[in-house]
Protein chains: 2
Amino acid sequence: MVQCHQTQFDASFGALSDATRRGVLEHLGREDASITTLAERFHMTLTGMKKHVGVLVQAGFVTTEKVGRVRTCRLGVRGLEEEAEWIERYRRLWTERFDELDQVVEELKQKERANGRK
Amino acid sequence: MVQCHQTQFDASFGALSDATRRGVLEHLGREDASITTLAERFHMTLTGMKKHVGVLVQAGFVTTEKVGRVRTCRLGVRGLEEEAEWIERYRRLWTERFDELDQVVEELKQKERANGRK
DNA sequence: ATGACACTGAACCATATGGTTCAGTGTATA
DNA sequence: TATACACTGAACCATATGGTTCAGTGTCAT
């Protein structure tokens, strides 16, 4: 369950680690867009935006289709389910870890009270 | 609500985009560890592992404390709450988007049935 | 006090990333 | 048919990333 998705997570978290790409996802969440539209929206050359879109496609977040001379980008079917799962798993890890810590702190307090009474 | 966390997300998703670092988080979720332990565990030089830990510290996922000659790494207090939130928000976006799509498909089917009856 | 141990920092290396320009190709439109 | 438009690909650039080696510094154990 751990080794099977490594390279996929590398790609998807990598794709999410750039503000422009997160912005593109947000835009595509509202409406489909051509490369030109996205390039203008994010103050970037066509070529630059095409690279970002390429990364998002590679990660499976976006699909594109070219009709005539314009390539339209839209959200891919893959979504963020697996990333959400991964993150959730680690959130649980964190919580457990700090519940343990709380216990330790609680024990320390008890000891202190005991010492205070001495 | 969008621009305020950009660089933080850059750092945190960037930190998660590497298999070794995800592995380190998993390890620290089970137990604290020294740099040496982690380096051995992931077949890497001390220096290399120290860099990875640095990235995780920078992202706020890990804290370290040096006592004597060993630096112990543990999960930081920050956790993954905000990343979980972000991802959740986009999961909703996706869902809405594909619900719309489903509607369109549904309408197409209806039209087709109508044409079939012609 | 000596040696081993755990880390640290600088320097280096190859490759990846985020961007650009420039020179195309193919498509729509006047 | 000529022109403008949307994209594509190659080449380039600066910086970041993921790793290494090597030469320390400080700490523990004999």
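Structure report, in brief.

The rules behind each value
- Residues numbered from 1 in each chain as written.
- Chains lettered and ligands numbered in written order.
- Predicted model: local features only at pLDDT ≥ 70, side-chain atom pairs only at ≥ 80, totals over all residues.
- Heavy atoms only, no water.
- Helix = DSSP H or I, 4+ residues; strand = E, 2+ residues; numbered from the N terminus.
- Contact = heavy atoms within 4.5 Å.
- Polar contact = N/O pair within 3.5 Å; in protein donor to acceptor, adjacent residues only side chain to side chain.
- Near = heavy atom within 4 Å.
- Nonpolar A, V, L, I, M, F, W, Y, C, P; charged D, E, K, R; others polar.
- Least-squares fit on C-alpha atoms with pLDDT ≥ 70 in both.

Some points on the environment of D10 of chain A
- Here D10 of chain A lies in helix α1 (residues 6-16).
- Residues D10 of chain A and A59 of chain A, spaced 49 residues apart in sequence, show a C-alpha to C-alpha distance of 8.8 Å.
- Apart from the residues within four sequence positions on either side, D10 of chain A is in contact with S17, D18, A19 and R22 of chain B.
- Among the polar contacts listed, one links the side chain of D10 of chain A to the backbone nitrogen of A19 of chain B, at a separation of 3.4 Å.

Looking at the protein's contact with DNA strand D
- Near DNA strand D lie 20 residues; those nearest to it are T36 and R71 of chain A together with T45, K51 and H52 of chain B.
- For DNA strand D, the backbone makes up 66% of the atoms found within 4 Å of the protein, where backbone means sugar plus phosphate.
- One of the side-chain N or O atoms of K66 of chain A is found 3.2 Å from a sugar or linking oxygen in DNA strand D.
- Here a base oxygen of DNA strand D and a side-chain polar atom of T47 of chain B are 3.4 Å apart.
- Of all the elements in the fold, those that place two or more residues in the surface near DNA strand D are α3 (35-41), α4 (46-58) and β3 (70-75) of chain A together with α4 (46-58) of chain B.
- When residues of the surface near DNA strand D are assigned to their parent elements, the largest contribution, four residues, is made by α4 of chain B.
- When the residues that make up the surface near DNA strand D are grouped by side-chain class, the tally is four nonpolar, eight polar and eight charged.

Points about the relation of the copies chain A and chain B
- When chain A is brought onto chain B, the operation consists of a screw motion whose angular component is 180° and whose axial shift is 0.0 Å, with 0.0 Å RMSD remaining. Look at the turn and shift together and you get a two-fold axis relating the two.
- The fraction of interface residues of chain A whose copies in chain B are also interface residues reaches 97%, indicating that both copies meet through the same surface.

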